[in-house]
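Fold and geometry: a report
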Amino acid sequence: MFITFEGIDGCGKSTQIAIFEAMLKDKGISPVITLEPGGTMIGKAIRKILLDVENTQLTPLTELFLYEADRAQHVNEIIKPALEAGKWVICDRYYDATTVYQGLVLQGYEGLIEQLNIEACSHIAPDVTFLLDCPAEIGLSRIEERRRNHTETDRFDRKTLDFHTRIRYGYLALAGKHKERITIIDATLSRERVAIKIEEAMRPYL
């Protein structure tokens, strides 16, 4: 089973993945937890380049190719072997993130992005994707709270409200095209309610 979590920055993915992992372990399932970018040693080096606030000169195409390079390594080193071994894999972001984030900046390159996604992921698609949806204002307020608590922020955390709003609607549009795979979860609810809704959506698979 391959499950991905998506959403704007500050939507609560990391929190919900931790809760979801604990729920699965209670049911006797020990999932592989991973993320993009940075799910491998090589990926961590790529992630540092992509998210470093000092790297303001990254061109959109450079950014796209770095994300796809991270994904190609990640799939072949972590995701594919785990799935072939019969393990559950839970991934914080996958190719939907590239479709939305890089698609927003590289308008007119949608065909290239789709082709690179397919090649980089070795045609491995998620079985279920949870889109944690909340207004950009809420996501940014959570990011600001992290900053006040001295938690490290990245290059995307510093984007404008308009950018995060467009990312949110990009995700919602993508979910509308893939209703059979993407489940939208209201991330404005309490973390407990969000976790319950995710568990309810997973009951058919458990």
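This one's a predicted model, so the numbers in the text were calculated from it and none came from an experiment.

**Brief notes about the overall build of the chain**
Within the chain, the regular secondary structure consists of 8 helices and 5 strands. Seen in sequence order, the chain has helices and strands lined up from the N terminus as β-α-β-α-α-β-α-α-β-α-α-β-α. Against the 2.2 N^0.38 benchmark of 17 Å for 206 residues, the chain shows a C-alpha radius of gyration of 16 Å, consistent with a compact globule. Projected onto its principal axes, the C-alpha positions of the chain cover 45 × 35 × 35 Å. Of all 206 residues assigned to the chain, the portion counted as buried reaches 45%. Here the contacts in the chain between residues at least 6 apart in sequence split such that 79% fall between residues at least 24 apart. Put simply, the chain has 26 plus and 31 minus side-chain charges, and the middle of one group is 3 Å from the middle of the other.

**A word on the state of the cysteines**
The tally for this structure, following the rule as stated, stands at 0 disulfides. The thiol of Cys11 is not disulfide-bonded; the next cysteine sulfur, from Cys134, is found 6.0 Å away. In this model Cys91 remains outside any disulfide bridge; the closest cysteine sulfur is found in Cys121, 11 Å from its own. Judged by relative accessible area, Cys91 falls into the buried class, the value being 0%.

**Points about the sheet that holds strand β1 (residues 2-6)**
The parallel open sheet is built from 5 strands, whose spatial order is β2-β3-β1-β4-β5. Sheet topology places β2 (32-35) and β5 (182-186) at the edges, where each strand pairs with a single neighbour. Within the sheet, the average angular offset between the axes of one strand and its neighbour, ignoring direction, is 20°. The pairing of β1 with strand β4 (residues 128-133) spans 4 bridges and is parallel. Considered in β4, the bridge of Thr4 is made with Thr129. Strands in contact with helix α7 (residues 161-177) are β1, β4 and β5; relative to β4, the strand with the most contacts, it is inclined by about 145°. Along the sheet, helix α8 (residues 191-202) makes contact with β1, β4 and β5, crossing β4 at roughly 155°.

**Considerations on the pattern of salt bridges**
If charged atoms from side chains of opposite charge come close, those side chains can pair. By the definition in use, this model includes 9 salt bridges. Note that Arg93 and Asp9 form a salt bridge whose closest N and O atoms lie 3.8 Å from each other. Note that Arg93 is positioned in the loop between β3 (89-92) and α4 (95-105) and Asp9 in the loop between β1 and α1 (13-26), a separation of 84 residues in sequence. We classify Arg93 as buried; its relative accessible area is 12%. Classification of Asp9 as buried rests on a relative accessible area of 11%. One continuous salt-bridge network, built from bridges that share partners, spans Glu6, Asp9 and Arg93.

**A word on α1**
Relative to the 20 Å expected for 14 residues at 1.5 Å per residue, α1 spans 20 Å between its end C-alpha atoms, a close match to the ideal helical length. The inward-facing, buried residues of α1 abut β1, β2, β3, β4 and α8.

**Here's the deal with unusual backbone geometry**
A cis geometry characterises the amide bond from Glu36 onward to Pro37, with omega recorded as -10°. Phi is positive for Arg93, which is not a glycine, with a value near 75°. Phi angles above zero are rare outside glycine, and Ser122 is one such case at about 50°. Along the polypeptide, Ser122 turns up in the loop between α5 (110-120) and β4. Among the residues examined, Ser122 registers a relative accessible area of 28% and is labelled partly exposed.

Cut-off values and rules
- Residues numbered from 1 in each chain as written.
- Predicted model: local features only at pLDDT ≥ 70, side-chain atom pairs only at ≥ 80, totals over all residues.
- Heavy atoms only, no water.
- Helix = DSSP H or I, 4+ residues; strand = E, 2+ residues; numbered from the N terminus.
- Rg over C-alpha atoms; globule rule 2.2 N^0.38 Å.
- Buried < 20%, exposed > 50% of the residue type's maximum accessible area, 1.4 Å probe, protein only.
- Contact = heavy atoms within 4.5 Å.
- Lys, Arg positive; Asp, Glu negative; His and termini not counted.
- Charge placed at Lys NZ, Arg CZ, Asp CG, Glu CD.
- Disulfide = S-S within 2.5 Å.
- Pairing = 2+ DSSP bridges.
- Axes fitted to C-alpha atoms, helices over the stretch in contact; angles between N-to-C directions.
- Salt bridge = Lys/Arg side-chain N within 4 Å of Asp/Glu carboxyl O.
- Expected span 1.5 Å × (residues − 1).

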